[in-house]
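One-letter residues, chain by chain:
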Amino acid sequence: MPSVLIEVRREYSPAEEVALIDAVHGSLVSAFKIPDEDRFSRLLSYPPHRMVDGPEPGVADGYTRVTIDCFPGRSLEAKRALYREIVERLEPFGIPRDKVSILLRESAFENWGSGGVPAADVELGFTVEV
């Protein structure tokens, strides 16, 4: 049940935005073995001056930040596979590997709530240990 935020500092067409979301989601399905229907993703496109990467004002380019909030339990190998999958799947959009920043944040099951109950009390339908 990862929650994904993709932030970019250039404009994409609506079809490209959907494809970017699908690319990151496909990476999670492949590397973390989540069900394909387990999707919660957002994409924010900023004017370049509102997203700075370094000491200079931002410019419209391929810089992309992918933030993933998820449950703990994935191995270092699964995380390596995720990072690799994301950059490989974003390259066809003209996003260079060195312009992709990935932040993976793990929160305990009791720190996630849905429908008024903690995830610790819910049967997820998939294993987190991969």
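Conventions used here
- Residues numbered from 1 in each chain as written.
- Predicted model: local features only at pLDDT ≥ 70, side-chain atom pairs only at ≥ 80, totals over all residues.
- Heavy atoms only, no water.
- Helix = DSSP H or I, 4+ residues; strand = E, 2+ residues; numbered from the N terminus.
- Rg over C-alpha atoms; globule rule 2.2 N^0.38 Å.
- Buried < 20%, exposed > 50% of the residue type's maximum accessible area, 1.4 Å probe, protein only.
- Pairing = 2+ DSSP bridges.
- Axes fitted to C-alpha atoms, helices over the stretch in contact; angles between N-to-C directions.
- Contact = heavy atoms within 4.5 Å.
- Polar contact = N/O pair within 3.5 Å; in protein donor to acceptor, adjacent residues only side chain to side chain.
- Expected span 1.5 Å × (residues − 1).

Draft legend 1. Layout of the overall build of the chain. Each helix and strand in the chain was counted, giving two helices and six strands. The secondary structure elements of the chain, listed N-terminal to C-terminal, are β-α-β-β-α-β-β-β. For a compact globule of 130 residues, the expected C-alpha radius of gyration is about 14 Å, and the chain comes in at 15 Å, within 12% of that figure. Referenced to the eigenvectors of the C-alpha coordinate spread, the extents of the chain come out at roughly 45 × 30 × 30 Å. For the chain, buried positions account for 38% of its 130 residues.

Draft legend 2. Quick peek at the sheet that holds strand S4 (residues 100–106). Across the sheet, four strands lie side by side as S2-S1-S3-S4; this open sheet has mixed pairing. Of all the strands in the sheet, just strand S2 (41–45) and S4 have a single pairing partner and so form its edges. Mean inter-strand twist for the sheet, computed between neighbouring axes without regard to direction, equals 15°. Running at roughly 145° to S4, helix H2 (residues 76–90) makes contact with strand S3 (64–70) and S4 of the sheet.

Draft legend 3. Representation of the side chain of Ser27 within the structure. Residue position: Ser27 is located in helix H1 (residues 14–32). The exposure class assigned to Ser27 is buried, which follows from its relative accessible area of 0%. At 3.0 Å, the side chain of Ser27 and the backbone oxygen of Ala23 are in polar contact. Residues contacting Ser27, with those up to four places away along its chain left out, are Phe32, Leu82, Glu85, Ile86 and Arg89.

Draft legend 4. The arrangement of the environment of Asp22 in detail. Looking at the secondary structure, you find Asp22 in helix H1. Taking the relative accessible area as the measure of exposure, Asp22 reaches 35% and is therefore partly exposed. For the pair Asp22 and Ala60, spaced 38 residues apart in the sequence, the C-alpha separation amounts to 22 Å. Polar contacts involving the side chain of Asp22 include one to the side chain of Arg39, which spans 2.6 Å.

Draft legend 5. Quick peek at H1. With 19 residues, H1 extends 27 Å from end C-alpha to end C-alpha; this agrees with the ideal 27 Å at 1.5 Å per step. Regarding H1, the residues found buried are Leu20, Ile21, Ala23, Val24, His25, Gly26, Ser27, Leu28, Ala31 and Phe32. As for H1, its buried residues are in contact with strand S1 (3–8), S2, S3, H2 and S4.

Draft legend 6. View of unusual backbone geometry. With phi around 60°, Lys33 is a residue other than glycine that occupies positive phi space. The residue Lys33 is located in the loop between H1 and S2 in this model. Given the relative accessible area of 52%, Lys33 is considered exposed.

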